[in-house]
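Results of the structural survey
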Amino acid sequence: MLKRTFLTLAAAGLALAMAGEASAAEHRVQMLNRGDGGAMVFSPAVVRARPGDTIRYVPTDPGHNAETIAGMLPAGVQVTRGAMGREYVLRVTQPGVYGVKCAPHYSMGMVGLVIVGDGSANRAAAQTAAGRAPNLARRRFTEYFAR
């Protein structure tokens, strides 16, 4: 009887884990030389996601990359960098704000935000870090946080 109960609980746990993975979404973001937001933009610039979702950054030109920004990540999340001209996949695991930039075009304002859950976990710290970004990036971050 105990063995049957354990197996039932194990099967239920596995089903819940698989359901969580199945409900994870993939978001697609293009890295553009020009878009609706102007020159050197991510489209969309702001992604709303849930823990477990992935965000796929797709270059439309070999001169772009995507990488997360130190100081603009939830606690425990490490900075990661994508290679130039290659897709970059960011799997968001923690609720909060994730800042993303294209390194060669950061000073031109090529930045974006991924807001996981309600984004409140590190919003104040991310906004402070965004205030130290280059001028055009800082302006775009201000606009994105206001959305």
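That block above? That's the structure.
Here's a quick rundown of the structure. (Residues numbered from 1 in each chain as written. Predicted model: local features only at pLDDT ≥ 70, side-chain atom pairs only at ≥ 80, totals over all residues. Heavy atoms only, no water.)

So, on to the pairing of strand β2 (residues 38-43). With five bridges connecting them, strand β1 (residues 26-35) and β2 associate as antiparallel partners. The residue of β2 that forms the bridge with R34 is A39. Hairpin connection of β1 to β2: two residues between the antiparallel strands. (Pairing = 2+ DSSP bridges. Helix = DSSP H or I, 4+ residues; strand = E, 2+ residues; numbered from the N terminus.)

Sheets are built from strands that pair by backbone hydrogen bonding, the pairs being arranged parallel or antiparallel. The sheet built from four strands is open, its strands ordered β2-β1-β4-β6 with mixed pairing. Both outer strands of the open sheet, β2 and β6 (88-91), are each paired with one neighbouring strand and no more. Neighbouring strand axes in the sheet, compared pairwise and without regard to direction, differ in orientation by 15 degrees on average. (Axes fitted to C-alpha atoms, helices over the stretch in contact; angles between N-to-C directions.)

Another point: the pattern of salt bridges. Inspection of the entire model under this criterion finds five salt bridges. Between R56 and E26 there is a salt bridge, with its nearest N and O atoms 3.1 Å apart. Taken together, the residues R56 in strand β4 (residues 54-59) and E26 in strand β1 connect sequence positions 30 residues apart. Judged by relative accessible area, R56 falls into the partly exposed class, the value being 23%. The shortest N-O distance in the salt bridge between R81 and E67 comes to 3.6 Å. Taken together, the positions of R81 in the loop between β5 (67-68) and β6 and E67 in strand β5 put the pair 14 residues apart, joining distant regions of the chain. In this structure R81 comes out as exposed when scored by relative accessible area, which is 61%. The class for E67 is buried, based on a relative accessible area of 7%. (Salt bridge = Lys/Arg side-chain N within 4 Å of Asp/Glu carboxyl O. Buried < 20%, exposed > 50% of the residue type's maximum accessible area, 1.4 Å probe, protein only.)

Geometry only, nothing functional implied.
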